[in-house]
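# Topology and contacts: notes
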Amino acid sequence: MDFWQVRRNIASQYLSGEGIEVGALHAPLEVPAGVKVHYVDRMSVRDLRKQYPELAAVNLVEADIVDNGETLSSIPDNSWDFVIANHMIEHCQNPIGTLENFLRVLKPGGLVYMGVPDKRHTFDIDRPLTSIDHLIRDYKEGPEWSKLGHYEEFIRLVDKPPEEQVAVRIQHLLDIDYSIHFHVWTAESFPELLEYCQKQLGFDFTIELLQENSMEIVLILRKKAN
């Protein structure tokens, strides 16, 4: 079964009602007939095209809601049946806070459908895994302390320009607020984040599914009913 078919099958099994997809860009999840999706992104398509010139040749989903996908500050609590976030959480500077807000906007019993890339199968292959201690500090102190280090690691270990270009490339990404992969995981390391959220922070969700799918892990998290 191919990558897209696995995603579709999981969506057909779990998704119903009305919800949001955060950061769909050019690859919105195919959902079952009758399921209503509202798209959330931090920019309009016009601005996204400036941010991602590498996506010039593909169609991008126009946002119904322009908002920060980490905070979802314009979205009320307990308002949606599901949140879809495929290859989005690695772009978040505060992944624990992002998960907290995904759960916040879900109705009791609602679902998070999340695809998380496994670094071993992406351009992040040479980067070190993000430690749970790092993620906890981002959550408790805010992510500004680690932002510059992430950009430097990304430039050095993904882009790999000549040394004399490193500082200039870092500054360019900072100047345009480019959304890199701030954090990286494998199928074995990401559940550690979920366990911390459940056991140490009391996030009230269950893991309905954790399935490897080619270069990603697909997860279904269910917010517990009241």
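Residue numbers here run from 1 along each chain, matching the order of that chain's written sequence. Reporting of local features is limited, given that this is a predicted model, to residues whose pLDDT is at least 70; pairs of side-chain atoms are given and counted only at 80 or more, and all residues count toward the totals for whole chains, interfaces and linings. Excluding hydrogens and water, the side-chain figures rest on all heavy atoms present in the structure.

## Thoughts on the sheet that holds strand β7 (residues 216-223)
By definition, the strands of a sheet pair up through backbone hydrogen bonds, in either a parallel or an antiparallel sense. Pairing between strands is defined by DSSP: at least two bridges between them are needed. Every helix listed is a DSSP run of H or I at least four residues long, and every strand listed is a run of E at least two residues long, numbered separately from the N terminus. Pairing is mixed in the open sheet, where seven strands are placed in the order β3-β2-β1-β4-β5-β7-β6. Here the strands that pair on one side only, and so sit at the sheet edges, are β3 (65-66) and β6 (205-213). When checking whether two residues touch, look at their non-hydrogen atoms; a contact exists if any pair is within 4.5 Å. As a rule, the C-alpha atoms of each element are fitted with a line to give its axis, helices using only the stretch in contact, and angles between N-to-C directions run from 0 to 180 degrees. Relative to the sheet, helix α1 (residues 3-14) contacts β4 (80-86), β5 (106-117), β6 and β7, its axis offset from that of β6 by approximately 160°. Seen against the sheet, helix α7 (residues 190-199) touches β5, β6 and β7 and runs at an angle of roughly 175° to β6.

## Side note on the environment of V218
By secondary structure assignment, the location of V218 is in strand β7. For V218, a relative accessible area of 0% puts it in the buried group. Along the sequence, V218 and M114 sit 104 residues apart, while their C-alpha atoms lie 5.7 Å from each other. Residues in contact with V218, not counting those within four places in the same chain, are I10, Y113, M114, G115, L209, L210, Q211 and N213. Note on exposure labels: buried denotes an accessible area under 20% of the residue type's maximum, exposed denotes more than 50%, and partly exposed covers the range between, all computed with a 1.4 Å probe on protein chains only.

## Quick word on the packing of aromatic side chains
Ring pairs are drawn from Phe, Tyr and Trp, using the six-membered ring of Trp, whenever the two centres fall within 6.5 Å, and their geometry is named by plane angle: stacked under 30 degrees, edge-to-face over 60, tilted for the rest. Taken as a whole and judged by the stated rule, the model has five aromatic pairs. On the basis of an interplanar angle of 65° and a centroid distance of 5.5 Å, the ring pair of Y52 and Y178 is categorised as edge-to-face. On the criterion of sequence distance, the pair formed by Y52 in the loop between α2 (45-51) and β3 and Y178 in the loop between α6 (163-175) and α7 is long-range, its members being 126 residues apart. Summarising the aromatic geometry, the rings of W185 and F190 are spaced 5.0 Å apart at their centres and angled 90° between planes, so their arrangement reads as edge-to-face. For the residue pair W185 and F190, the accessibility class agrees, reading buried in each case.

## Structural notes on the packing of helix α4 (residues 132-141) against helix α5 (residues 144-159)
Contact geometry of α4 with α5 gives a least axis separation of 9 Å together with a crossing angle of 135°. Between α4 and α5, the angle is such that the two are oblique. Contact with α4, carried on its side by H134, R137, D138 and E141, involves W145, S146 and H150 of α5 and no other residues of that element. When grouped by side-chain class, the residues that make up the contact of α4 with α5 number one nonpolar, three polar and three charged. Small angles under 35 degrees read as roughly parallel and large ones over 145 as roughly antiparallel, with 65 to 115 read as roughly perpendicular and the rest as oblique. Here the nonpolar group is Ala, Val, Leu, Ile, Met, Phe, Trp, Tyr, Cys and Pro; Asp, Glu, Lys and Arg are the charged ones; every other residue, Gly included, is treated as polar.

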